[in-house]
Structure formats: structure tokens, C-alpha cells
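Listed below are the residues making up each chain.
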Amino acid sequence: MRASFAFVLMFLSLLAYGNAQAGEREQFTVATAGGNVLIEGFASTSDTSRPAVIILSGSKGFASPAYDDLGRSFDTAGIDAYLVHLLSPVDEQAIIRAGNSRARISYYATRRPDWITTIHKVVAYLKSRPHHTGRVGVLGISLGAQTAAAASADTTDISALVLVDGASPEGYSKQVSSLPPLLVVWGDADRTFPLSTARKLRQMAQGLGGPVSLDIHRGGAHDFFLKPGMEATGAHRSVIDFFLSQLSK
């Protein structure tokens, strides 16, 4: 009986802890031409001014627990982090129903102008918030990296950019003249986008004259950044260190 009571107490404690952890997310929406976009933030409640990073997911959205871990790690490091739900439920269903890569790429192309506009809108919104330094970085993963690359070109509003296993969108033809300081993070076992894509991206960014570095992770598959393990932990640390160095200037 005592053991059962202790178990109940432990269960209730864990439940309360889980609710407290979930409560760390700040939820709000930003109005755009395409409708309200959900933002989930991991931000300080103090009066201290801090920079911000917006995080853009891959095609499966923010289902992975790694996004929560990232958000809390940014917050602990002194950077406000915001998960930007570019993909609406309609988008997610359309991607699932697409059936093959050609259909998905075609769908991404039709939606990308709206996604880019949304990123710019969210960046402007964050810059206007109180207790913000005015410096915003963008972290894009896979599909999110493709959109982040396009949205960060030729703008001074984005102060730093990290692309994880994703480069400029296929078929994207806009001439690019500048990019923010750039960190490219890649798994050398990525079969969706081979390592040669990352090297071409680095070469292109170097040609534009801006600072760029390539962080290669041995044995990393396309989704290694979102999987538990030392490689992902090390990659997360290098990403946070990069943003700290660029957004604290």
C-alpha cells in the first residue's frame, strides 16, 4: 500500500514537472498576408535585452523533441529562441500526399514566396519587441534551411544564418549578392543532400565575400541534427556558439 502511494506521488510529481516544462513555451501569433502564423518561444522573462534566433523546421514540422531541447539550450545560453510554424496543417497534409520528391519540390516552389515573406515579417516583429537587442539570427533545417537561405539573401535584417543539411532551393534562380555570416552544418552520410552540396554552398558564399564555415559531422545522416547522440549534441553546441559570436557584436 505504501509502495502504491509512493508511486502515485512520484507520478504526480512527474506530471507537474512535465506541465512546468511545457509551460516554458511562450505562444503567440504574427499576422501575415497569408494568415496568422504560430510562434512558440523560449525567451527570458527578465528585463535584460537579448538577441533572438528563429528556428525553421524540416518537412515534418516540430514533432521532434530535439526542437524543445534546442529552444531551452538557446535560452540558457542567453538567446531568445522562436519556433516559427511556417508549415500550416494544410501544408503538412499536402507534403504527405505529394507521394514523390518531384511533387514535393513543386509544392515547395509554390509556397516558398509566402514562407519567405513570413520570415521577414517575423524578423521585423521580433526586432520591434521590448528587451530585444535588434539582432536576429535564422536557423533552418532541411526544408527550413532552403527557405532560410532564400529569405536571408540580400537583407541586413538577418544578422547570422545557420543552414543544417539544406541549401538554396532547387530551381531558385534569383541572383544573390550577399548573405549574412554563415555556418553550414552537414552530415557526411546525408543521402538526401550529398556533402558536395554543402561544399558548393560554401564556395558560393565565399565568392560573395562574407564569412562562412562548414561543420561536417562524420557518419551523420540527413536527420542526424534531430537525433539523440553525441554528434547532434556537438552540432547543437557549435550552432549556439556561432550565434553567440555573431549576435553579441
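Bear in mind that the values here come from a model prediction, so they are computed numbers and not experimental data.

Further remarks concern the packing of helix α4 (residues 101-128) against helix α5 (residues 143-152). Relative to each other, α4 and α5 sit at 60°, their axes nearing to 9 Å. Taken as a pair, α4 and α5 cross one another with a handedness that is right-handed. Facing Tyr108, Arg112, Trp115, Ile116, Ile119 and His120 of α4, the residues of α5 in contact are Leu143, Gln146, Thr147, Ala150 and Ala151. Broken down by class, the residue content of the contact of α4 with α5 amounts to 7 nonpolar, 3 polar and 1 charged.

Two side chains with opposite charge may pair up if their charged atoms get near one another. Inspection of every chain in the model, using the stated rule, returns 7 salt bridges. For the salt bridge of Glu26 with Arg129, the shortest nitrogen-to-oxygen distance reads 2.8 Å. In this pair, Glu26 is assigned in strand β1 (residues 26-32) and Arg129 in the loop between α4 and β5 (132-141), connecting sequence segments 103 residues apart. Under the relative-accessibility criterion, Arg129 is labelled partly exposed at 21%. Note that Lys227 and Asp223 form a salt bridge whose closest N and O atoms lie 3.6 Å from each other. A relative accessible area of 46% means that Lys227 is categorised as partly exposed. By relative accessible area, which is 37% here, Asp223 ends up partly exposed.

In the Ramachandran plot, Asp154 falls in the positive-phi region, its phi being about 60° despite a non-glycine side chain. As for its position among the elements, Asp154 is in the loop between α5 and β6 (160-164). What makes Asp154 partly exposed here is its relative accessible area of 32%. In the Ramachandran plot, Asp165 falls in the positive-phi region, its phi being about 50° despite a non-glycine side chain. Mapped onto the elements of the fold, Asp165 is located in the loop between β6 and β7 (182-187).

Each value, and the rule that gives it
- Residues numbered from 1 in each chain as written.
- Predicted model: local features only at pLDDT ≥ 70, side-chain atom pairs only at ≥ 80, totals over all residues.
- Heavy atoms only, no water.
- Axes fitted to C-alpha atoms, helices over the stretch in contact; angles between N-to-C directions.
- Helix = DSSP H or I, 4+ residues; strand = E, 2+ residues; numbered from the N terminus.
- Left-handed = near helix turned anticlockwise from the far one by under 90°.
- Contact = heavy atoms within 4.5 Å.
- Nonpolar A, V, L, I, M, F, W, Y, C, P; charged D, E, K, R; others polar.
- Salt bridge = Lys/Arg side-chain N within 4 Å of Asp/Glu carboxyl O.
- Buried < 20%, exposed > 50% of the residue type's maximum accessible area, 1.4 Å probe, protein only.

Remember, this is a structural readout, not a statement about activity or role.
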